[in-house]
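Residue-level structural notes
Here's the letter readout for the chains.
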Amino acid sequence: MRIAKWISGAIMPFLLAGCAGLSSLVEVATPTDLYTLSPKSTFSTSLPRLKSQIVVDQPTATALVDTNQIAVQPTPLQVQYLPEARWVDRAPLIVQALMIESFENSGKVPAVGSSAIGLRADYLIVTDIREFQAFVPQTVEPSALQVDVRLNIKIIDAFSDRIIASKSFEEIVPSKSDAAADVANAFDEALGDTMRDAIEWSIRAIAKNVASQDRPS
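Residues numbered from 1 in each chain as written. Predicted model: local features only at pLDDT ≥ 70, side-chain atom pairs only at ≥ 80, totals over all residues. Heavy atoms only, no water.

**A look at the packing of helix H2 (residues 91-106) against helix H3 (residues 180-213)**
Where we set the bar: Fitted lines through C-alpha atoms serve as axes, helices being fitted only where they are in contact, and the angles separating the N-to-C directions of these axes extend from 0 to 180 degrees. Helix numbers and strand numbers start at the N terminus; a helix is a DSSP run of H or I with at least 4 residues, a strand a run of E with at least 2. Roughly parallel covers angles under 35 degrees, roughly antiparallel covers those over 145, roughly perpendicular covers 65 to 115, and oblique covers all other angles. We call a crossing left-handed when the near helix sits turned anticlockwise from the far one by less than a right angle, and right-handed when that turn is clockwise. Pairs of residues are marked as contacts when any of their non-hydrogen atoms sit within 4.5 Å. Each residue gets one of three labels, nonpolar for Ala, Val, Leu, Ile, Met, Phe, Trp, Tyr, Cys and Pro, charged for Asp, Glu, Lys and Arg, and polar for the others, Gly among them.
At a closest axis distance of 10 Å, the pairing of H2 and H3 adopts a crossing angle of 55 degrees. Here H3 runs oblique to H2, going by the angle between their axes. Read as a crossing pair, H2 and H3 show a hand that is right-handed. Within the contact between the two elements, H2 uses Val95, Leu98, Met99, Ser102, Phe103 and Ser106 and H3 uses Leu191, Met195, Ile199, Ser202 and Ile203. A class-by-class count of the residues in the contact of H2 with H3 yields eight nonpolar, three polar and no charged.

**Focus: the pairing of strand E2 (residues 53-56)**
Rules: We call two strands paired when DSSP finds no fewer than two bridges between them.
For E2 and strand E6 (residues 111-113), the ladder comprises three bridges, and the chain directions are parallel. Looking at the pairing, glutamine 53 lines up with alanine 111 of E6. Bridge count for E2 against strand E7 (residues 123-135) is three bridges, and the pairing is parallel. Following the sheet pairing, valine 56 is matched in E7 by isoleucine 125.

**Quick look at the packing of aromatic side chains**
What counts here: For this analysis, a ring pair means two rings from Phe, Tyr or Trp (six-membered ring only for Trp) whose centres lie within 6.5 Å, classed as stacked if their planes differ by under 30 degrees, edge-to-face if by over 60, and tilted for the remaining angles. With a 1.4 Å probe rolled over the protein chains alone, any residue whose accessible area is under 20% of its type maximum counts as buried; one over 50% counts as exposed, and the rest are partly exposed.
Tallied over the full model, the rule gives four aromatic pairs. Judged by centre distance (5.0 Å) and plane angle (85 degrees), the rings of tryptophan 87 and phenylalanine 187 are edge-to-face. Here phenylalanine 187 lies in helix H3 and tryptophan 87 lies in strand E5 (residues 78-87), a separation of 100 residues in the sequence. On the accessibility criterion, phenylalanine 187 (0% relative accessible area) is buried. Among the aromatic residues, ring-to-ring pairing joins Trp87, Phe132 and Phe187 into one connected group.

**Examining the environment of threonine 42**
Note that threonine 42 resides in the loop between strand E1 (33-35) and E2. Sequence separation between threonine 42 and serine 102 is 60 residues, and the spatial gap between their C-alpha atoms is 8.8 Å.

**A few points about the side chain of threonine 127**
Along the chain, threonine 127 turns up in strand E7. Owing to a relative accessible area of 1%, threonine 127 belongs among the buried residues under this scheme. Not counting residues up to four positions away in its chain, the partners in contact with threonine 127 are Pro59, Thr60, Met99, Leu151, Asn152 and Ile153.

**Things to note about the side chain of glutamine 73**
The criterion, for reference: Any pair of nitrogen or oxygen atoms within 3.5 Å is treated as a polar contact; in protein, a donor-acceptor pairing is required on top of that, and neighbouring residues in sequence qualify only through side-chain atoms on both sides.
Among the secondary structure elements, glutamine 73 is positioned in strand E4 (residues 69-75). Taking relative accessible area as the criterion, glutamine 73 reaches 14% and is therefore assigned buried. Side chain to side chain, glutamine 73 and glutamine 133 meet in a polar contact 3.5 Å long. Beyond its immediate chain neighbours, meaning those up to four positions away, glutamine 73 contacts Leu64, Gln78, Val79, Gln133, Ala134, Phe135 and Val136.

**Points about the nonpolar core**
What counts here: Put simply, a nonpolar core is a bunch of buried Ala, Val, Leu, Ile, Met, Phe, Trp, Tyr and Cys residues held in one set by side-chain atoms that sit within 4.5 Å of each other.
Counting 54 residues, the largest nonpolar core has Ile54, Trp87, Phe103, Phe132, Phe187 and Leu191 as its most contacted members. No other element matches H3, which puts 16 residues into this core. With near-sequence residues (within four places) excluded, tryptophan 87 lies in contact with Leu34, Tyr35, Leu37, Thr67, Asn68, Gln69, Ile70, Ile94, Phe132, Ala184 and Phe187.

**Section: the confidence of the model for the protein chain**
Put simply, the test is: pLDDT measures how confident the predictor is about each residue, on a scale from 0 to 100.
Model confidence for the protein chain is summarised by a mean pLDDT of 85, while 82% of its residues fall at 70 or above. In the model, residues 1-29 has pLDDT below 50 throughout and makes zero contacts with residues more than four positions away in sequence or in other chains.

Structure (structure tokens):
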């Protein structure tokens, strides 16, 4: 009986310590909400149909954007990230995948993919993500967060290895609140509008370049 009591008394502190450790582990393992974004599926019916194959390179971005964290700038020189919320992947990879799918959804491009699949490209789409964050408007009375998405697109002719067109596209969309779900919805709208404009412009620029060279598109 004494042995049993001693064992019980000796083990109890370790059990309690273990419970405290388990509690902190549970705290650390609090689920993080994951968010994704959607491709565009509706485009102008006046877009020309191409016969060219397109490769969309992985976009470049600064360290502020090249992460799976959702960036917020409370001031122009300060960067923070939404707590307990993440993108499902690094932002440049999300943008690349959505641009490829959006080009496919246009129905105007016979083949589009990433360089990783070894597609022989007629044209390369090179994207630099210049803005991809929420920010607090610098007004007298601060309003809700706004989301800024700006993409710089360069189209490279793979045959001549030269840039045939370059343009930036930007959308700023207000978020309904600073809740992660509302911020993600604002990102989805801003990126969607930016991609639609960029893809329609890219298709028209490629068609114009092909026509000027009088070679099969």
